[in-house]
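Each chain, written out:
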Amino acid sequence: MKAPARRAAPASAAAEHDEILLAPTPAAWVRAAAARWRELLVDHANCEKKAASTALALMFAYPEDRALLRALSRLAREELRHFEQVLRAMEGLGVAFVRQRPGRYGHQLRRVLRTSDPGRKLDLLLSAALIEARSAERFGLLAPRLPAPLARLYQELGESEARHFELYSGFAEALGSPDWRARLHELAVHEAQLISTPEAALRFHSGIPVPAAPA
Ligand SMILES: [Fe+2]
Ligand SMILES: [Fe+2]
């Protein structure tokens, strides 16, 4: 398969990352995340590792797809560099690593994906595209609300994740499945529900924060 161009091939049908998100991040999440950025930074570090591991898993699943292998190898290295940048930010800001349970987002998103081909590859690429799009949106929302060193980092990461969205959605489209847009819509509906409903844990991709019960 030919590698998608920078703007995802073919350009005529390419979606922008903010166009495929069917619900904006709730204001309550933005307020909580900006106030509890130290806690969120720990989950963010985990998300960067997970993004690298998602790319590697796809490389193991589809070793015959040379164009995908090349693109994802670069992407996995970039995600690990992001991880190192977040680690440096944690060290600089005195944020200790605390073991956290993952939120529901990744797990619940994976639950609806097809587990065999045809269909599995498209679903994996589309779900990765949605996660990257949501990450780009949230970095953009948080950047102006965070202290200076983090604001700059989040601005840069937002631009990277938007590019990753284009890469994944470009490969999804290039599979040539006639229903790729319809499937993207189905998965986007599910994704929008996950970020629009209450969730106890505050995570980078969590839903509406639930206020802690009084002690
Ligand atoms: Fe990243
Ligand atoms: Fe990414």
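Our subject in this report is the structure included herewith. (Residues numbered from 1 in each chain as written. Chains lettered and ligands numbered in written order. Predicted model: local features only at pLDDT ≥ 70, side-chain atom pairs only at ≥ 80, totals over all residues. Heavy atoms only, no water.)

### Focus: the coordination of the iron ion (ligand 1)
Part 1: Glu48 (OE), Glu79 (OE), His82 (ND1) and Glu161 (OE) make up the full set of protein donors to the iron ion (ligand 1), lying at 2.0 to 2.3 Å.
Part 2: With four donor atoms in place around the iron ion (ligand 1) and angles of 91 to 136° between them, the coordination shape is irregular.
Part 3: Taken in sequence order, the residues that donate to the iron ion (ligand 1) follow the motif E-x30-E-x2-H-x78-E.
Part 4: Between the iron ion (ligand 1) and the iron ion (ligand 2), a spacing of 3.6 Å is present, and a bridge between the two is formed by Glu79. One end of the pair, Glu48, is in helix 3 (residues 37-61); the other, Glu161, is in helix 7 (residues 148-174), and 113 residues separate them in sequence. For the residue pair Glu48 and Glu161, the accessibility class agrees, reading buried in each case. (Donors = N, O, S within 2.8 Å, 3.2 Å for Na, K, Ca; no water. Tetrahedral: all angles 85-135°; square planar, octahedral: opposite > 155°, others 65-115°. Helix = DSSP H or I, 4+ residues; strand = E, 2+ residues; numbered from the N terminus. Buried < 20%, exposed > 50% of the residue type's maximum accessible area, 1.4 Å probe, protein only.)

### With respect to unusual backbone geometry
Part 1: The peptide bond linking Asp117 to Pro118 adopts the cis configuration, its omega dihedral lying at 0°.
Part 2: Inspection of the secondary structure puts Pro118 in the loop between helix 5 (105-111) and helix 6 (120-142).

### Overview of the nonpolar core
Part 1: Counting 28 residues, the largest nonpolar core has Leu72, Leu125, Leu126, Leu130 and Tyr168 as the members making the most contacts within it.
Part 2: At the level of elements, helix 3, helix 4 (66-92), helix 6, helix 7 and helix 8 (180-196) are the ones that each hand at least two residues to this core.
Part 3: The dominant element in this core, judged by the number of residues it contributes, is helix 6, at seven residues.
Part 4: Within the second largest apolar cluster, 25 residues are counted, among which are Val30, Leu41, Ala45 and Ala89. (Core = buried A, V, L, I, M, F, W, Y, C linked by side-chain atoms within 4.5 Å.)

### So, helix 2 (residues 27-35)
Part 1: Residues of helix 2 that are buried: Trp29, Val30, Ala32, Ala33 and Ala34.
Part 2: Of the surrounding secondary structure, the elements contacted by the buried residues of helix 2 are helix 3, helix 6 and strand 2 (208-209). (Contact = heavy atoms within 4.5 Å.)

### Here we look at the environment of Arg203
Part 1: When you line up the elements, Arg203 lands in the loop between strand 1 (198-199) and strand 2.
Part 2: Residue Arg203 is classed as buried on the basis of its relative accessible area of 11%.
Part 3: Taking C-alpha positions, Arg203 is 9.5 Å from Arg101, a pair spaced 102 residues apart along the chain.
Part 4: Excluding residues within four positions of it along the chain, Arg203 makes contact with Trp29, Leu40, Asp43, Gln100, Arg101, Pro102, Gly103 and Arg138.

### Let's talk about the packing of aromatic side chains
Part 1: Within the structure shown, the criterion is met by three aromatic pairs.
Part 2: With 6.0 Å between their ring centres and 80° between their planes, Trp29 and Phe204 make a pair best called edge-to-face. Taken together, the residues Trp29 in helix 2 and Phe204 in the loop between strand 1 and strand 2 connect sequence positions 175 residues apart. Neither Trp29 nor Phe204 differs from the other in exposure class; each is buried.
Part 3: Measuring from centroid to centroid gives 5.0 Å for Phe139 and Tyr154, while their planes differ by 85°, and the two rings are edge-to-face. Of the two residues, Phe139 sits in helix 6 while Tyr154 sits in helix 7, which places them 15 residues apart along the sequence. (Phe/Tyr/Trp six-rings, centres within 6.5 Å; stacked < 30°, edge-to-face > 60°.)

### Notes on the pattern of salt bridges
Part 1: Under the counting rule described, the total for this entry stands at nine salt bridges.
Part 2: Arg163 is the partner of Glu78 in a salt bridge, and the nearest nitrogen-oxygen pair spans 2.7 Å. Of this pair, Glu78 sits in helix 4 while Arg163 sits in helix 7; the two residues are 85 residues apart in sequence, bridging distant segments of the chain.
Part 3: The exposure class assigned to Arg163 is partly exposed, which follows from its relative accessible area of 32%.
Part 4: Between Glu186 and Arg183 there is a salt bridge whose closest N-O contact spans 2.7 Å. With Glu186 and Arg183 both in helix 8 and three residues apart, this pair spans about one turn of that helix. (Salt bridge = Lys/Arg side-chain N within 4 Å of Asp/Glu carboxyl O.)

### Notes on the coordination of the iron ion (ligand 2)
Part 1: Here the iron ion (ligand 2) is held by the protein donor atoms Glu79 (OE), Glu132 (OE), Glu132 (OE), Glu161 (OE) and His164 (ND1), which lie 2.0 to 2.5 Å from it.
Part 2: Considered as a linear motif, the donors of the iron ion (ligand 2) on their single chain read E-x52-E-x28-E-x2-H.

Function cannot be read off these values alone, since they describe shape.
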